[in-house]
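Structural overview for review
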Amino acid sequence: PLPKVRATHPDCSVVLYFQEQEAECLEIIRTESQRPTPSGPPGQQGCLTEWDGVSCWLAVPVGQSRAVACPNILHVFKKSKALIRRNCTESGWSFPSPLYDNACELEAIGSSNDTEDKASYFVTMKVLYTCGYSTSLAALILAIGIFSCFRKLHCTRNSIHIHFFTSFILRGAAVFIKDAVLFSDESIDHCTMSTVNCKAAIAFFQYSVLANFYWLLVEGMYLQTLLLLTFTSDKRYIWWYILIGWGVPMLTVCVWVVTRLQYDNHGCWDDYTSLYWWVIKAPILLAIFVNFFIFLNVTRMLAQKIRSPDISKNYKQQYMRLTKSTLLLIPLFGVHYVVFALFPEHIGVDARLYFELVLGSYQGFLVALLYCFLNGEVQAEIKRNWGKWQSSMESNVFNLVTQDFTA
């Protein structure tokens, strides 16, 4: 059977696989040491269980041998049916025959240039997503300030936008916090790190990602409600939206944390191969698929309203303005996640990292652009207040000049 590993990256899988094998072997050695030593001449008691750094060699009497297969682990050994043997002699265990690198056909290990290129690749990616999240955070904070400062923009629709923007701010902050906790000290092996701080950082990151997807779901639900219930006050639903956007992710993360503490409290919880990862993954996929059906339904309703002769031109333009941003974001946010969800976590790691970190880091900026900066209502309000401010300044200057002249 394939080894059960808990890791995000194949390199961590290797480390954790050998750690688990060594722990099992050391437990056998500890059990053997507690048994009474059999009587007999020295050298005839046999060879005790031994861990050689790769395999566990169970105890055998003198004159017998033991054979083990190559470690069944990807990215290190090629699949091979060859066996490695060791004989138990009066002097102890013999050397493995054949050697591991001959029998198991080691995968080609990258040269120092490959290692440097890989390190440079990750450094470049970190610079890109750091710039992306920084740009997004600045744009989102400015957008929230615009919606908050102008009283005419205070409405349920923009309140939902503010919550949506806040979920993006939390997601960007969670990425920076996670990097600071997991990778700030190069002397610490992040594959085996298991501290309260790193688990809290991962839990906060998962909450921010969940909240992000569920506030996108709320945007779709609000748009559908607005098209269905044209003459109904939408303020009565705002608390339900808040409960879905913030409450469902909080409940999900709490269940996930309790589950990990009880059944899989290993490492830093940043693994995506564990079965318990579905506690987080399933609600995200549910939100994406529900949003997809909302996308189809809203498109259908919009087409009906635009074709209807009873709807005035102003209402048609209003419907188009309300829907274009959400209809663009729903497929944009969910498509890549659904595609990667259909494949195992170790497939397409580079592409997955690029979509989720680099391109994902600019999603907040795109959201602020669509919902705020390119919003005609926002632009009109900014122009109106800018004109009032200019008129006020000109009036003040005129009053000062007049006072000086009359004086």
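Residues numbered from 1 in each chain as written. Predicted model: local features only at pLDDT ≥ 70, side-chain atom pairs only at ≥ 80, totals over all residues. Heavy atoms only, no water.

Labelled according to an unreviewed UniProt entry, the chain appears under the name VIPR1 protein, originating from Caloenas nicobarica. On record in UniProt, under Subcellular location (unreviewed entry), the comment for the chain is "Cell membrane". Taken verbatim from the UniProt record of the chain, the Sequence similarities (unreviewed entry) comment is "Belongs to the G-protein coupled receptor 2 family." (UniProt positions renumbered as here; feature names shortened; annotations may be inferred.)

What about the packing of aromatic side chains?
Scanning the entire structure with this criterion turns up 14 aromatic pairs. Counting every residue linked through ring pairs, the aromatic cluster contains Y129, Y133 and F176. Seen from the ring of F205, K178 lies directly overhead, with NZ or CZ sitting 4.0 Å from the centre. Here K281 stacks its cationic end above the ring of W278, 4.8 Å away from the centre of that ring. (Phe/Tyr/Trp six-rings, centres within 6.5 Å; stacked < 30°, edge-to-face > 60°. Lys NZ or Arg CZ within 6 Å of the ring centre and 35° of its normal.)

A short note on the state of the cysteines
Joining two cysteines, a disulfide is a covalent bond between their sulfur atoms. For the structure shown, the criterion picks out three disulfides. Two residues share a disulfide in this structure: C47 and C88, whose sulfurs sit 2.0 Å from each other. With the S-S dihedral at roughly 100°, the linkage between C47 and C88 falls on the right-handed side. Taken together, the residues span a long stretch of sequence, with C47 in the loop between α1 (10-33) and β1 (50-51) and C88 in strand β4 (residues 83-89) at a distance of 41 residues. (Disulfide = S-S within 2.5 Å. Helix = DSSP H or I, 4+ residues; strand = E, 2+ residues; numbered from the N terminus.)

Section: the UniProt feature "transmembrane region" (unreviewed entry) in the chain
UniProt annotation of "transmembrane region" (unreviewed entry) refers to residues 127-148, 160-177, 213-231, 238-258, 278-298, 326-347 and 353-374 when read in the numbering used here. Taken end to end, residues 127-148 has its terminal C-alpha atoms 32 Å apart, with 100% of it in helix and 0% in strand.

Re the pattern of salt bridges
Within the structure shown, the criterion is met by five salt bridges. The partner of E27 in a salt bridge is R30, and the shortest N-O contact between them spans 2.4 Å. In this pair, E27 and R30 are both assigned in helix α1, three residues apart and thus about one turn of the helix distant. The exposure class assigned to E27 is partly exposed, which follows from its relative accessible area of 38%. For R30, a relative accessible area of 39% translates into the label partly exposed. The residue R86 makes a salt bridge to E50 at a minimum N-O spacing of 3.0 Å. With R86 in strand β4 and E50 in strand β1, the pair connects residues that are 36 residues apart, well separated along the chain. Overall, the relative accessible area of 6% leaves R86 in the buried class. Classification of E50 by relative accessible area gives partly exposed; the value is 30%. (Salt bridge = Lys/Arg side-chain N within 4 Å of Asp/Glu carboxyl O. Buried < 20%, exposed > 50% of the residue type's maximum accessible area, 1.4 Å probe, protein only.)

Notes on the confidence of the model for the chain
Note that predicted coordinates carrying low pLDDT should not be read in detail. Per-residue confidence for the chain averages 78 on the pLDDT scale, and 71% of its residues sit at or above 70. Taken element by element, the predicted model of the chain shows its lowest mean pLDDT in helix α8 (residues 313-341) (64) and its highest in helix α6 (residues 238-263) (94). Here residues 1-10 scores under 50 on pLDDT; set against residues more than four positions off or in separate chains, the count is 25 contacts. Every residue in residues 39-43 scores below 50 in pLDDT, and together they form three contacts with partners more than four places removed in sequence or on other chains. (pLDDT = per-residue confidence, 0-100. Contact = heavy atoms within 4.5 Å.)

Side note on the packing of helix α4 (residues 156-183) against helix α10 (residues 363-373)
For the pair α4 and α10, the least separation of the axes is 10 Å and the interaxial angle reads 165°. When the axes of α4 and α10 are compared, the pair comes out roughly antiparallel. Considering how the two elements wind past one another, α4 and α10 form a crossing that is left-handed. Every residue of α10 that contacts α4 at H161, F164, F165, F168 and R171 is listed here: Q363, G364, V367, A368 and Y371. Its residues assigned to classes, the contact of α4 with α10 comprises six nonpolar, three polar and one charged. (Axes fitted to C-alpha atoms, helices over the stretch in contact; angles between N-to-C directions. Parallel < 35°, antiparallel > 145°, perpendicular 65-115°, else oblique. Left-handed = near helix turned anticlockwise from the far one by under 90°. Nonpolar A, V, L, I, M, F, W, Y, C, P; charged D, E, K, R; others polar.)

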